[in-house]
Amino acid sequence: MRILFIGDVVGDKGVSMIQHYLPVIKQEVRPQVTIVNGENATAMGRGITQSIYKKLMGDGVDVVTLGNHAWSNREILDFIDDANRLIRPYNFPKNVTPGKGYTLVNVNGKQLAVLNFQGRVFMDNLDDPFSLAESLVTELRQKTNCIFMDFHAEATSEKLAMARFLDGKVSAVVGTHTHVQTNDPRILPQKTAFLTDVGMTGPADGMLGMKPESVISRFINQRPARFEVLETGRGVLSGCVIDIDDKTGHATAIKTIKYLDDQAHG
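Described below are features of the structure shown in this document. (Residues numbered from 1 in each chain as written. Predicted model: local features only at pLDDT ≥ 70, side-chain atom pairs only at ≥ 80, totals over all residues. Heavy atoms only, no water.)

**Re the overall build of the chain**
In step 1: Helix and strand counts for the chain stand at 6 helices and 14 strands.
In step 2: At 17 Å, the chain has a C-alpha radius of gyration in line with the 18 Å of a compact globule built from 266 residues.
In step 3: Overall, the chain is about 50 × 40 × 35 Å in size when its C-alpha atoms are taken along their principal axes.
In step 4: Restricting to contacts in the chain with at least 6 residues of sequence separation, those with at least 24 account for 64%.
In step 5: Accessible surface, the chain as shown: approximately 11700 Å² in total, 47% of it carbon and sulfur.
In step 6: Computed over 29 positive and 30 negative side-chain charges, the inter-centroid distance for the chain is 3 Å. (Helix = DSSP H or I, 4+ residues; strand = E, 2+ residues; numbered from the N terminus. Rg over C-alpha atoms; globule rule 2.2 N^0.38 Å. Contact = heavy atoms within 4.5 Å. Areas by Shrake-Rupley, 256 points an atom, 1.4 Å probe, with all protein chains shown as cover. Lys, Arg positive; Asp, Glu negative; His and termini not counted. Charge placed at Lys NZ, Arg CZ, Asp CG, Glu CD.)

If you want it as structure tokens, here you go:
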């Protein structure tokens, strides 16, 4: 089983990069499942709308994951319960949070479980992702041993800790949120694939997708500033490709990909 995972889609530029480049990538790497993090996909760079979700699915995405900006666009409350392939972090408060934190995808007769969790270091103090992940993975392994997790977290240590905690129990743990693709794809000792951060998809010349001026200004004067998505310039698409043994659920390979406008870098 081959999984293509594309990192945080930011603004209109990110959505357009998916539309234009996903067919090219699929021709090159031949994934069987395509997963995209869409928590920054609106024009303002926070949250997702139903129209964007449907567009991503129409452009060839199989599952859309979210993160700390899951609720930044209130429209999501109207449709997330009916969006079967849109998942938010599983460790939001149980029983009071709409939507779900995982989904199952059929891949040639084999099920792939796609999980979404959020870290707590330097982020909101949600329910414990480690204990909840352990319980959920134990439950899901009764159905399938092919399990992919998008771990939306700030601290690199927390991301690696989650991967090592679940090593051998899930197929892959890939980090999102920091928007900077890291150079550490690896297979852990018990055959779980890991990447600290898959990177972002959107404006290549911004600062994490935002206009640089307001970000720099905040560092200089320490005053609140409204960050706006950069709408001009080049685009970048960041992702990774993971191969999984269908029988064991073990990862056999992981590599990063990055497309900068018309130039592909494997």
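**Description of the packing of helix α4 (residues 129-140) against helix α5 (residues 156-165)**
Packed helices, taken two at a time, are described by their axes: the angle between them and the distance between them.
In step 1: The contact between α4 and α5 brings their axes to 11 Å, and the two run at 30°. As far as their axial angle goes, α5 and α4 are roughly parallel. Crossing geometry of α4 relative to α5 is assigned as right-handed. Residues P129, F130, A133 and E134 of α4 form the contact with α5, whose participating residues are E158, A161, M162 and F165.
In step 2: Residues of the contact of α4 with α5, tallied by class, amount to 6 nonpolar, no polar and 2 charged. (Axes fitted to C-alpha atoms, helices over the stretch in contact; angles between N-to-C directions. Parallel < 35°, antiparallel > 145°, perpendicular 65-115°, else oblique. Left-handed = near helix turned anticlockwise from the far one by under 90°. Nonpolar A, V, L, I, M, F, W, Y, C, P; charged D, E, K, R; others polar.)

**Considerations on the packing of aromatic side chains**
Geometry of an aromatic ring pair is reported as the spacing of the ring centres plus the angle between the planes.
In step 1: Taken as a whole and judged by the stated rule, the model has 7 aromatic pairs.
In step 2: Residues F5 and F148 carry aromatic rings whose centres are separated by 5.0 Å and whose planes lie at 65° to one another, so their mutual orientation is edge-to-face. You can see F5 sitting in strand β1 (residues 2-6) and its partner F148 sitting in strand β7 (residues 147-152), a full 143 residues away along the chain. With respect to class, F5 is no different from F148; both count as buried.
In step 3: With centroids separated by 5.9 Å and ring planes inclined at 55°, the aromatic side chains of Y21 and Y259 adopt a geometry described as tilted. Of this pair, Y21 sits in helix α1 (residues 11-29) while Y259 sits in strand β13 (residues 251-260), placing them 238 residues apart in sequence. (Phe/Tyr/Trp six-rings, centres within 6.5 Å; stacked < 30°, edge-to-face > 60°. Buried < 20%, exposed > 50% of the residue type's maximum accessible area, 1.4 Å probe, protein only.)

**Here's the deal with the state of the cysteines**
What we call a disulfide is simply a covalent bond connecting the sulfur atoms of a pair of cysteines.
In step 1: Going through the model one piece at a time under the given rule, you end up with 0 disulfides.
In step 2: The thiol of C146 is unpaired, and the distance to the nearest cysteine sulfur, on C240, comes to 16 Å. (Disulfide = S-S within 2.5 Å.)

**Concerning the nonpolar core**
In step 1: Judged by nonpolar contacts, the single largest core of 29 residues is most densely connected at I18, I25, I48, L86 and L237.
In step 2: For this core, the secondary structure elements donating two or more residues are β1, α1, α2 (50-58), α3 (76-79), β12 (235-244) and β13.
In step 3: When residues in this core are grouped by element, the largest group, 7 residues, is from α1.
In step 4: Setting aside residues up to four positions removed in sequence, I18 forms contacts with I6, V9, P23, V36, L56, D59, V61, T201 and L237.
In step 5: Counting 23 residues, the second-largest nonpolar core is a separate cluster that includes I87, C146, I244 and A251. (Core = buried A, V, L, I, M, F, W, Y, C linked by side-chain atoms within 4.5 Å.)

**A few points about the environment of L86**
In step 1: Checked against the element boundaries, L86 lands in strand β4 (residues 86-87).
In step 2: C-alpha of L86 to C-alpha of D167: the two residues are 81 residues apart in sequence and 25 Å apart in space.
In step 3: When neighbours within four sequence positions are excluded, L86 is seen to be in contact with Y53, V64, L66, I76, F79, I80 and K100.

**Re a nonpolar patch on the surface**
In step 1: Together, M207, I216, F219 and I220 give the surface a local cluster of nonpolar side chains, amounting to about 440 Å² of exposed area.
In step 2: Considering the arrangement of structural elements, one finds I220 in helix α6 (residues 212-221). (Patch = residues over 30% accessible without salt bridge, like charges linked within 9 Å, V, L, I, M, F, W, Y side chains within 5 Å. Salt bridge = Lys/Arg side-chain N within 4 Å of Asp/Glu carboxyl O.)

**Overview of the pattern of salt bridges**
In step 1: Tallied over the entire structure, the rule returns 7 salt bridges.
In step 2: Among the ionic pairs, K159 bridges to D197, the shortest N-O distance being 2.9 Å. A residue pair is termed long-range when its members are at least 10 positions apart, and K159 in helix α5 and D197 in the loop between β10 (193-195) and β11 (202-203) qualify at 38 residues. Just as K159 is buried, D197 falls in that class too.
In step 3: For the salt bridge of R186 with D184, the shortest nitrogen-to-oxygen distance reads 3.5 Å.
In step 4: Under the relative-accessibility criterion, R186 is labelled partly exposed at 34%.

**A closer look at the side chain of T201**
In step 1: Within the secondary structure layout, T201 lies in the loop between β10 and β11.
In step 2: Its relative accessible area of 0% is what places T201 among the buried residues.
In step 3: Within the structure, the side chain of T201 is placed 3.3 Å from the backbone oxygen of G7, a separation counted as a polar contact.
In step 4: What T201 contacts, discounting residues up to four positions off in sequence, is I6, G7, D8, V9, V10, G14, M17, I18, V236, L237 and S238. (Polar contact = N/O pair within 3.5 Å; in protein donor to acceptor, adjacent residues only side chain to side chain.)

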